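Reading the structure
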Amino acid sequence: MKYNFDEIIPRRGTNSYKWDSAEDADVLPMWVADMDFRTAPPVVEALKKRVEHGIFGYVRVPDAYYEAVVNWFARRYAWRMEKEWIIYTTGVVPAISAVIKALTLPGDKVMVQTPVYNCFFSSIRNNGCEMIANPLVYRNRGYQIDLDDLERKTLDPKVKLLLLCNPHNPAGRVWSKQELRRIGEICLRNNVFVVADEIHCELVFLGHEYTPFASISEEFLLNSVTFVSPSKAFNLAGLQIANIISADADVRVRINKAINMNEVCDVNPFGVEALIAAYNEGEEWLEELKIYLFANYIYLKGYFETYLPEFPVMMLEGTYLVWVDCSVLHQASEEIVKDLLKKEKLWVNEGSLYGEAGEGFIRINIACPRQRLIDGLNRLKRALK
């Protein structure tokens, strides 16, 4: 491989949320979703050039930014969006909150497919809405959508939005075009608007294909908004850059108003330069990264089969977040995580963060050099055994 993903890069002492949140220097963090790899070299070079200029005033987002986004999705996913559809903001979580504010009233219901990204819950709650779950069906080390339950619950006129996670965090599913079509048809029938968090869209492994929900049909496009960002695939979360894609001009007006009300309408020059470089020049690096990440997953899966067979590992179709069933322990997820931290100084996420459907599971971040992954797996084995 051209790029060295085995390099151990010290992160402690860099004000890393992932690494410096633990006071004990011996803690190995495999929790929050950022990677222990340097980003693509073209991104680093673009940021160096920007730093050398030495002036960091307010930024005007240039045409090159919009062109990079449009060309990336057209080239990789055959989704041709228009520049006018793109609303930039500081991150996907603020975007979710702003869209809920724009498209609901307090007391409305917002549907999620649990277990699901924990910030969905807070964004719903903070806007005075009620969360309603369409729990995913867990079987054979994977998850399926309960379409009958989805149909039944969207009949409620108070259900205004479906927050769709595609690819799904933490289940690791990459929803097929057929699955997305069924979701979209149900939502259209019942006047439910789809809000698609597709932040992990680039991190899809061989044998699976990411389909932008909005690309499936004109009806789906106009009945949805989509969130995208280079932050997960290129490890840029700290640069705070994301985009909301909306083809409906009236919806965009409402979203823009909410973004300004939430005061997340300004981005920084580094995020702008990083996105342009990542989308225009980072593709080769990304493809090698995906090979490395999937090899990490295969290593983890084999390790569990050999040493921890009583703990089922979910199939990983996308993301770098592995979902593990620890129900054999008959412990709450929170207690399992506390035990791992206390016994072996290993920090992972408790499944209960992702809703009641996640109880008894843990989530492991495998976006790290293989040596660090092996260290984490050994700690896990010692603690669980």
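Parameters at a glance
- Residues numbered from 1 in each chain as written.
- Predicted model: local features only at pLDDT ≥ 70, side-chain atom pairs only at ≥ 80, totals over all residues.
- Heavy atoms only, no water.
- Buried < 20%, exposed > 50% of the residue type's maximum accessible area, 1.4 Å probe, protein only.
- Helix = DSSP H or I, 4+ residues; strand = E, 2+ residues; numbered from the N terminus.
- Arc of directions from axis to C-beta.
- Contact = heavy atoms within 4.5 Å.
- Polar contact = N/O pair within 3.5 Å; in protein donor to acceptor, adjacent residues only side chain to side chain.
- UniProt positions renumbered as here; feature names shortened; annotations may be inferred.
- Disulfide = S-S within 2.5 Å.
- Pairing = 2+ DSSP bridges.

Regarding helix 6 (residues 147–154)
Every α-helical turn comprises 3.6 residues, leaving residues that sit three or four positions apart pointing alike. Taken together, the buried positions of helix 6 are occupied by Leu147, Asp149, Leu150 and Thr154. The arc that holds the buried residues of helix 6, viewed along the axis, is 160 degrees, so those residues lie on one side. Every exposed residue of helix 6 that faces more than 90 degrees away from the buried side is listed here: Asp148 and Arg152. Where helix 6 is buried, its residues meet strand 3 (109–112), strand 4 (130–133) and helix 7 (177–189). The residue sitting at the N-terminus of helix 6 and contributing the capping side-chain oxygen is aspartate 146; that oxygen lies 3.4 Å from the backbone nitrogen of aspartate 148.

Some points on the UniProt feature "domain: Aminotransferase class I/classII large" (unreviewed entry) in the chain
Mapped onto this numbering, the UniProt entry gives "domain: Aminotransferase class I/classII large" (unreviewed entry) at residues 33–371. Regarding residues 33–371, the helix share stands at 41% and the strand share at 16%, and the terminal C-alpha atoms are separated by 18 Å.

Thoughts on the state of the cysteines
According to the stated counting rule, one finds zero disulfides in the structure shown. In this structure cysteine 187 is a free cysteine whose sulfur lies 15 Å from that of cysteine 165, the closest cysteine sulfur available.

Concerning the sheet that holds strand 14 (residues 361–365)
Spatially, the three strands line up as an open sheet ordered 11-14-13, and their pairing is antiparallel. Every other strand in the sheet has two partners, leaving strand 11 (321–325) and strand 13 (349–350) as the edge strands with one partner each. With five bridges connecting them, strand 11 and strand 14 associate as antiparallel partners. Bridge pairing in strand 14 places valine 322 opposite isoleucine 364.

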